[in-house]
There are 2 protein chains.
Amino acid sequence: MDQFRMPPSRSARETVYAQLRDRILSLDLPPGTALSEKEASLSFGVSRTPVRESFVRLAQEGLVQVLPQRGTFVSLIDSELVEEARFMREQLERAVIRLACESFPAERLVALEDNLRAQRESMARQDDKRMFELDEAFHRTIFEGCRKLNTWAVLQSMNVHLNRSRLLRLVTDHAWSHLYAQHERMAQAIRDRDAETADRVMKEHLTLSITDLSMLKMKYPHYFQ
Amino acid sequence: MDQFRMPPSRSARETVYAQLRDRILSLDLPPGTALSEKEASLSFGVSRTPVRESFVRLAQEGLVQVLPQRGTFVSLIDSELVEEARFMREQLERAVIRLACESFPAERLVALEDNLRAQRESMARQDDKRMFELDEAFHRTIFEGCRKLNTWAVLQSMNVHLNRSRLLRLVTDHAWSHLYAQHERMAQAIRDRDAETADRVMKEHLTLSITDLSMLKMKYPHYFQ
DNA sequence: ACTACCATACTTGTATGGTAGTATGGAACA
DNA sequence: TGTTCCATACTACCATACAAGTATGGTAGT
């Protein structure tokens with residue numbers, strides 16, 4: 001009889017955590033910003049306890065740095081970490097698409113094709129936000145077809161350090177048609193079981209989509225370590 | 001004038017976290033065990049707060065599962081997660097050793113050789129514990145030489161799910177001489193800049209060192225999901 | 001003018017009591 | 001015998017109070 005969905009009503013900790021995370025990733029809370037348990041608890045209207053527990057989680061993900069008895073600060077961007085995140089993503093995505101060329105469920109292949117169709121429509125509408133979602137879903141579907149969803153989850157936590165902002169995203173925003181073409185070629189390679197092509201396209205795809213950090217470092221030096 | 005080292009005196013949270021983690025990984029707290037904030041706080045002699053915060057960290061690492069208002073339990077071993085952890089480790093270690101064959105600092109190569117010498121000595125002494133440490137240090141040194149220490153750190157957190165115990169370890173214990181021989185060949189391949197050999201040996205090395213889970217699943221079915 | 005000191009207002013760390021949801025065992029009932 | 005209900009004893013969640021370390025600005029002494 002529970003056809004009525006429970007009210008979302010996540011725990012206070014979850015709410016605080018999710019919102020802080022969003023604000024950090026969107027640079028609404030820029031690197032270096034001082035946080036404060038008390039201040040946060042007041043603005044969220046909860047006690048310090050759930051705020052503290054959120055800080056513990058964020059600290060473990062490397063998004064904030066807690067200095068005992070001094071304060072809690074949004075982490076500066078660590079270029080080495082960003083580069084390694086890119087490295088890991090490249091290696092794992094290439095390995096998985098090679099797997100996909102060995103065996104891939106037909107039904108997931110259909111999902112890729114549906115996704116490509118949706119990408120064309122979103123491009124026509126210049127709906128960038130939707131394109132981001134579809135881009136992510138496209139890659140996710142490949143992992144799904146290879147039964148590597150845990151790997152995908154790990155990659156997502158890496159991405160936290162890659163797109164610590166829409167800054168990095170904005171640079172790629174204007175290359176949608178290029179990225180779409182690569183997606184097309186990937187899907188085709190999986191159909192053709194052509195691992196070599198798939199691997200090559202994926203490598204290009206991922207090296208292109210990551211911008212040179214040095215530019216950002218010049219523009220926002222105080223955001224970096 | 002601070003030539004005297006500070007007493008370690010980690011925070012209560014850190015202490016509780018580290019010990020719980022150890023006990024879970026060593027199967028001293030087997031999968032499925034019910035934990036309790038209150039019980040843990042009593043046994044550690046601290047209040048529930050640092051215990052709760054430890055639980056938050058452990059939950060994020062997937063070592064415990066918190067069911068609101070029901071209890072906190074040591075996570076069951078997820079075979080899919082274990083297999084994917086193995087997969088990720090293989091891909092990343094192979095990618096890094098290929099990098100090492102392109103360029104590797106002479107000084108780190110010396111470290112590898114010193115490590116190999118120490119491995120020979122430990123094998124002679126049948127010092128398994130030391131061999132584990134040296135094995136780990138060997139792989140770590142390769143990552144270090146490629147400036148991929150963050151990647152190594154990520155791998156370490158994967159390993160949590162791989163060796164959720166010395167059970168898996170024990171199986172490999174008797175193959176030290178084989179593993180040592182592979183280490184030798186890896187170091188040689190790095191010296192020779194022979195990426196193909198290095199990649200092949202590393203692949204064998206990692207597929208061999210991981211035991212078939214199904215055996216463990218048979219023996220301890222209630223530890224698995 | 002400069003330095004050492006110290007009160008004060010922060011910060012995070014820890015302890016504890018109360019709240020609400022959940023499992024369980026026994027009693028009442030069919 | 002089998003089922004339903006409910007008191008009770010748990011659980012994690014949250015709020016609050018206190019403890020302890022740190023930065024800062026003012027003040028007294030040199």
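Whatever comes next refers back to the structure up there.
Residues numbered from 1 in each chain as written. Chains lettered and ligands numbered in written order. Predicted model: local features only at pLDDT ≥ 70, side-chain atom pairs only at ≥ 80, totals over all residues. Heavy atoms only, no water.

1. Brief notes about the protein's contact with DNA strand C
Surveying the vicinity of DNA strand C reveals 22 residues, the closest of which are R52 and Q69 of chain A together with S47, R48 and R70 of chain B. Near-protein atoms of DNA strand C (within 4 Å) split between backbone and bases, with sugar and phosphate holding 57%. Q69 of chain A places a polar side-chain atom, nitrogen or oxygen, 2.6 Å from a base oxygen of DNA strand C. Backbone polar atom of Q69 of chain B to a sugar or linking oxygen of DNA strand C: 3.4 Å apart, as the coordinates give it. Taken together, the elements giving at least two residues each to the surface near DNA strand C come down to α3 (48-60), β2 (64-67) and β3 (71-74) of chain A together with α1 (12-25) and α3 (48-60) of chain B. Here the surface near DNA strand C gets three residues from one element, more than from any other, and that element is α3 of chain B. Its residues assigned to classes, the surface near DNA strand C shows seven nonpolar, eight polar and seven charged. (Near = heavy atom within 4 Å. Polar contact = N/O pair within 3.5 Å; in protein donor to acceptor, adjacent residues only side chain to side chain. Helix = DSSP H or I, 4+ residues; strand = E, 2+ residues; numbered from the N terminus. Nonpolar A, V, L, I, M, F, W, Y, C, P; charged D, E, K, R; others polar.)

2. What to know about the protein's contact with DNA strand D
In the region of DNA strand D, 22 residues are neighbours, and A12, S47, T49 and R70 of chain A together with R52 of chain B sit closest. Secondary-structure elements contributing two or more residues to the surface near DNA strand D are α1 (12-25) and α3 of chain A together with α3, β2 (64-67) and β3 (71-74) of chain B. Taken together, the residues of the surface near DNA strand D break down into seven nonpolar, eight polar and seven charged.

3. Remarks on the relation of the copies chain A and chain B
In summary, the two copies of the chain are related to each other by a rotation about an axis coupled with a shift along it. Note on the copies: chain A fits chain B at an RMSD of 0.1 Å, the axial shift is 0.0 Å, and the rotation between them is 180°. The transformation relating the two chain copies, once decomposed into turn and shift, fits a two-fold axis. By residue overlap, the copies meet face to face through one surface: 100% of the interface positions of chain A are interface positions in chain B. (Least-squares fit on C-alpha atoms with pLDDT ≥ 70 in both. Contact = heavy atoms within 4.5 Å.)

4. Here's the deal with the packing of helix α4 (residues 79-102) of chain B against helix α9 (residues 176-192) of chain B
Residues and elements named next belong to chain B. Running from amino to carboxyl end, α4 crosses α9 at an angle of 40°, the nearest separation of the two axes being 7 Å. When the axes of α4 and α9 are compared, the pair comes out oblique. Side by side, α4 and α9 meet where I97, A100 and C101 of the first sit next to M186, A189 and I190 of the second. Here the residues of the contact of α4 with α9 are counted per class, giving six nonpolar, no polar and no charged. (Axes fitted to C-alpha atoms, helices over the stretch in contact; angles between N-to-C directions. Parallel < 35°, antiparallel > 145°, perpendicular 65-115°, else oblique.)

5. With respect to the sheet that holds β2 of chain B
Residues and elements named next belong to chain B. The antiparallel open sheet is built from three strands, whose spatial order is β1-β3-β2. Each of the sheet's edge strands pairs with one partner strand only, and the pair in question is β1 (34-35) and β2. By the bridge criterion, four bridges tie β2 to β3 in an arrangement that is antiparallel. Within β3, the residue paired with Q65 across the bridge is F73. Lying on the sheet, α3 is in contact with β1, β2 and β3; it crosses β2 at an angle near 115°. (Pairing = 2+ DSSP bridges.)

6. Looking at the environment of V74 of chain B
Residue and element names in this part refer to chain B. Mapped onto the elements of the fold, V74 is located in strand β3. Spatially, the C-alpha atoms of V74 and Y223 are 9.8 Å apart, while their sequence positions differ by 149 residues. Each residue touching V74, except ones within four places of it in the same chain, is listed here: I24, L29, P30, P31, G32, T33, L35, L63, V64 and R164.

7. A short note on the packing of helix α2 (residues 37-44) of chain B against α3 of chain B
Residue and element names in this part refer to chain B. One way to put it is that α2 packs onto α3 with a least axis distance of 9 Å and a crossing angle of 120°. What the angle tells us is that α2 and α3 run oblique. For the pair α2 and α3, the sense of crossing is right-handed. The residues of α3 that touch α2, namely those facing E37, K38, A40 and S41, are R48, V51, R52 and F55. Looking at the contact of α2 with α3 residue by residue, the class counts come to three nonpolar, one polar and four charged. (Left-handed = near helix turned anticlockwise from the far one by under 90°.)

8. Details of the pattern of salt bridges
Residue and element names in this part refer to chain A. This model, assessed by the stated rule, comprises 46 salt bridges over all chains. Between R48 and E37 there is a salt bridge, with its nearest N and O atoms 2.7 Å apart. Residue R48 is located in helix α3, and its partner E37 is located in helix α2 (residues 37-44); the two are separated by eleven residues in the primary sequence. Assessed through its relative accessible area of 44%, R48 is described here as partly exposed. (Salt bridge = Lys/Arg side-chain N within 4 Å of Asp/Glu carboxyl O. Buried < 20%, exposed > 50% of the residue type's maximum accessible area, 1.4 Å probe, protein only.)

9. Quick word on the sheet that holds β2 of chain A
All names here are of chain A. What the three strands build is an open sheet, ordered β1-β3-β2; its pairing is antiparallel. Each edge of the sheet is formed by a strand with only one pairing partner; in this case those strands are β1 (34-35) and β2. Bridge analysis of β1 against β3 gives two bridges, and the strand direction is antiparallel. Within the sheet, the bridge partner assigned to A34 lies in β3 and is F73.

10. What about the interface of chain A and chain B?
At the interface, 26 residues of chain A touch 26 residues of chain B. Counting each side, the surface lost to burial between chain A and chain B is near 2,400 Å², with a carbon and sulfur contribution of 57%. When the buried area of chain A at its contact with chain B is split by residue, Q60, E84 and F87 of chain A rank highest and sum to 23% of it. The tally of links from chain A across to chain B stands at four salt bridges. When residues of the side of chain A that touches chain B are traced back to their parent elements, those giving at least two are α1, α3, α4 (79-102) and α7 (149-162) of chain A. If one sorts the elements of the side of chain A that touches chain B by residue count, α4 of chain A sits on top with eleven residues. (Buried area = accessible area lost by both parts, 1.4 Å probe.)

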